[in-house]
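Secondary and tertiary structure notes
Listed here are the chains, written in short residue letters.
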Amino acid sequence: MEWTVGWWQVSVQRVYPTTTQLSQTYNKAAIWWHQLVRLLGYRHTYRELWRSLKNADILLHWQDNLNICDCGIGTANFSLAFAQTINPTIQITGVDISSEMLKIAHQQLSQANIRHQICQSDVNTLPFADHSFDGVMSAYMLEHLLNPVQGLQEMVRVLRPGAPLVLVVTRSGLLGSLIQWHWGNRCFNQEKLSALIREAGLNRVQFLSFPIGLARFTSMACIGFRKS
């Protein structure tokens, strides 16, 4: 945005946090993040979202011994909800830029007896071979990326052909703007997110409504599949 005031031209440009800034922010937040997610009802909301996917028969091919990558795993709330609702025999590979978040994710997954490994990495350069995973999930990570398409393409790269990517993002709107103001992230509408997902190489894209909770008003979920 630009304004001209007398002989002066004033401009304002959106600036996104660097990877280092994000890592520092979430390292500080890690100590209370897991409990905040519980208090705000997101754990229950995540389970209901996975249950709705299961009941809709969208994840028919996800059988036992799955290898799933959770990009931006945080304290593992989304992965835990998946294991509790869909499949407790999975192997979770959790990726995050925050070392403190990963420590708590490891604790939570260990307590729940879920097989896992954790990896401190930027999603833009995932340290995995092509076609490594039966599925990729990501909750509230994509909106922090300077170039969301690049991050999506990396997540698609490590998917096996025909495998799904499940995304949860902050939705455009009043509450989304308040979240954006605090965390420095962006927000998405359905049209924009759909275009990004298709550009990254996914098809059969479906958008999902959160059945309950605060996430119903702040968030948007979708699933897409890597082309076979």
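A brief look at the structure comes next. (Residues numbered from 1 in each chain as written. Predicted model: local features only at pLDDT ≥ 70, side-chain atom pairs only at ≥ 80, totals over all residues. Heavy atoms only, no water.)

**A short note on a nonpolar patch on the surface**
Let me state the cut-off plainly: Patches in this entry comprise residues that are over 30% relatively accessible and not in a salt bridge; like charges within 9 Å are linked, as are nonpolar side chains (Val, Leu, Ile, Met, Phe, Trp, Tyr) within 5 Å. The method behind every accessible area is Shrake-Rupley, applied with a 1.4 Å probe, and residues are considered shielded solely by the protein chains displayed. Any Lys or Arg side-chain nitrogen located within 4 Å of an Asp or Glu carboxyl oxygen qualifies as a salt bridge. Elements are defined by DSSP. Helices are runs of H or I of four residues or more, strands are runs of E of two residues or more, and each kind is numbered from the N terminus.
A contiguous nonpolar surface patch, about 590 Å² in accessible area, is contributed by Ile-31, Trp-32, Leu-36, Leu-40, Leu-214 and Phe-217. Along the chain, the position of Ile-31 falls in helix α1 (residues 19–39).

**Points about the pairing of strand β3 (residues 67–71)**
The condition is simple: Only protein chains enter the area calculation, which uses a 1.4 Å probe; residues under 20% of their type maximum are buried, those over 50% are exposed, and those in between are partly exposed. Here, a strand pair is defined by DSSP locating no fewer than two bridges between the strands. Looking down the strands as they point away from the viewer, one classifies a crossover as right-handed if the path from the first strand across the helix to the second runs clockwise.
The buried count for β3 comes to four of five residues, which makes it a mostly enclosed element. Two elements, β3 and strand β4 (residues 91–96), share five bridges in a ladder whose sense is parallel. Looking at the pairing, Cys-69 lines up with Thr-93 of β4. The parallel pair β3 and β4, bridged by helix α3 (residues 77–85), forms a crossover whose chirality is right-handed.

**A short note on unusual backbone geometry**
With phi around 60 degrees, Asn-113 is a residue other than glycine that occupies positive phi space. Topologically, Asn-113 is positioned in the loop between α4 (99–111) and β5 (115–120). Residues other than glycine seldom take positive phi values, yet Tyr-140 does so here, at roughly 60 degrees.

**What about the pattern of salt bridges?**
Applying the stated criterion across every chain yields a total of five salt bridges. The partner of Glu-100 in a salt bridge is Lys-103, and the shortest N-O contact between them spans 3.2 Å. Placement of both Glu-100 and Lys-103 in helix α4 is noted, with a separation of three residues, approximately one turn of the helix. Under the relative-accessibility criterion, Glu-100 is labelled partly exposed at 31%. Lys-103 gets classed as partly exposed once you look at its relative accessible area, which sits at 47%. Among the salt bridges present, the one from Asp-130 reaches Arg-157, with a minimum N-O distance of 2.7 Å. A residue pair is termed long-range when its members are at least 10 positions apart, and Asp-130 in the loop between β5 and β6 (135–139) and Arg-157 in helix α5 (residues 148–157) qualify at 27 residues. What emerges from the salt-bridge pattern is a single network uniting Asp-130, Glu-154 and Arg-157.

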